[in-house]
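Each chain, letter by letter, is given below.
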Amino acid sequence: MSRPQDLAGRTAIVTGAAQGIGAAVTGELLARGARVVAVDLAAEAGALGGPERVAVVRGDVTDPATVAAAFAAAGALGGGDPPSVLVQAAYAGAPAPLDGQQDEDWERVLQVVLSAARRFDTAFVRALDGRPGAIVHLASPHAFGAVPGFAAYAAAKAALLALTRAAAVEWGPRGVRCNAVAPGFVPVERNRHVWTDPELSAAMLRASPLGRFGSAAEVARAVGFLAGEDASFVNGTCLAVDGGMTAMLPEALLR
Ligand SMILES: NC(=O)c1ccc[n+]([C@@H]2O[C@H](COP(=O)([O-])OP(=O)(O)OC[C@H]3O[C@@H](n4cnc5c(N)ncnc54)[C@H](O)[C@@H]3O)[C@@H](O)[C@H]2O)c1
């Protein structure tokens, strides 16, 4: 599929880039012409492209040293120019019953999903120093509705949407747009136990009006759109890329 080259000559930072949706986003931004700094705990991000287009920063997004390393790598990759696209896709979930969750697990989810996002966002805006840019946060349908066992994830993703709106309003006047994408269920290695289980996957598919799961590439194309020039007047919104799942009421299952 041909892509607009609207990110040619620009540098992007992608967190959670080694696999799943973050890896697909890295591929999408490269296809649109960008250079990409791939940030992840895991090392596989290096497999995504050659050194002239991709730099790998191995580290934990909650560590300020990782943020500094990512922006230093972006500056080096971009010939001294700051990054103008930031996509945050690192995952943390720690599923547990609400009344049985360990405090440190709850805190960890909030740190990875929310606090690290704020730290990367603010470093991004400081680096831009008045130039325009685009931020995309990976949110989730859990920001809108509850599933037992996912309270920490839901609270963090709902707060991430609040951060999305705050950044959009506070930094819009500087030409920095901030949006979110909320993917429906996308089969990745981490959730293999769901999509390989016939009963679980059948239940998930009943909740999908399109009758199928989404792919990481479909989510990445929406991220590419929000990062690029076609979304030049889109700011502060959350784009559901979920096959209609969050548009559906449970009553639909009775029809
Ligand atoms: N897959 C889905 O069904 C789905 C649905 C809705 C939302 N999302 C969101 O999309 C994003 C990507 O999800 P995914 O399913 O592709 O995840 P994934 O588990 O396939 O990949 C996540 C990546 O994040 C990295 N990571 C985790 N913690 C990190 C940390 N502290 N520092 C640096 N890197 C870290 C992991 O090493 C991994 O490479 C997440 O924000 C997730 O919440 C995914």
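The model shown is predicted, which means the values in this text are computed figures rather than measured ones.

The rules behind these values
Sequence order sets the numbering: in each chain, residues are counted from 1 along the sequence as written. For this predicted model, a pLDDT threshold of at least 70 governs which residues receive local features, and a threshold of 80 or more governs which side-chain atom pairs are given and counted, while totals over whole chains, interfaces and linings are taken from all residues. Hydrogens and waters are ignored; side-chain quantities use all the structure's heavy atoms. Being near a molecule or strand, for a residue, means having at least one of its heavy atoms within 4 Å of it. We define a polar contact as two N or O atoms separated by no more than 3.5 Å, with the added condition that, inside protein, one atom must be a possible hydrogen donor and the other a possible acceptor, whereas residues neighbouring each other in sequence contribute only through side-chain atom pairs. With residues, only the protein chains shown are counted as cover, and all accessible areas are computed by Shrake-Rupley using a 1.4 Å probe. We count a stretch as a helix when DSSP gives it H or I for four or more residues in a row; a strand needs E for two or more, and each element gets its number in order from the N terminus. Axis definition: a line fitted to C-alpha atoms, over the contacting stretch in the case of helices. Angles run 0 to 180 degrees between N-to-C directions. Throughout, the term roughly parallel applies to angles under 35 degrees, roughly antiparallel to angles over 145, roughly perpendicular to angles from 65 to 115, and oblique to all others. The crossing is said to be left-handed when, going from far helix to near helix, the turn is anticlockwise and less than a right angle, and right-handed when the turn is clockwise. We call two residues in contact whenever any of their non-hydrogen atoms come within 4.5 Å of each other. Classification convention: Asp, Glu, Lys, Arg as charged; Ala, Val, Leu, Ile, Met, Phe, Trp, Tyr, Cys, Pro as nonpolar; all other residues, Gly among them, as polar. Categorising residues by exposure relies on relative accessible area from a 1.4 Å probe, with only protein chains included: less than 20% of the type maximum marks a residue as buried, more than 50% marks it as exposed, and the intermediate range marks it as partly exposed.

Describing the site of the ligand
Here is step 1 of the chain: Taken together, 27 residues surround the ligand, and among them I21, D40, Y153, V186 and R190 come closest.
Here is step 2 of the chain: The contact in question runs from an oxygen atom of the ligand to an N or O atom on the side chain of D40, over 2.5 Å.
Here is step 3 of the chain: Contacts to the ligand include V61, whose backbone N or O atom sits 2.9 Å from a nitrogen atom.
Here is step 4 of the chain: Alone, the ligand offers 830 Å² of accessible surface; in the complex the protein occludes 93% of this.
Here is step 5 of the chain: Only α1 (20-31), α3 (103-128) and α4 (151-171) provide two or more residues apiece to the shell around the ligand.

Remarks on the packing of α3 against α4
Here is step 1 of the chain: Between α3 and α4, the shortest axis-to-axis distance is 8 Å and the interhelical angle comes to 15 degrees. Considering the angle they form, α3 stands roughly parallel to α4. Helix-helix and strand crossings are classified by hand; for α3 and α4 the assignment is right-handed. In contact with W106, V109, L110, V113, L114, A117, R118, D121, T122 and V125 of α3, α4 contributes A151, A152, Y153, A155, A156, K157, A159, L160, L163 and W171.
Here is step 2 of the chain: For the contact of α3 with α4, the residue count by class is 16 nonpolar, 1 polar and 3 charged.

Focus: the environment of A227
Here is step 1 of the chain: Here A227 lies in helix α7 (residues 216-227).
Here is step 2 of the chain: Taking the relative accessible area as the measure of exposure, A227 reaches 1% and is therefore buried.

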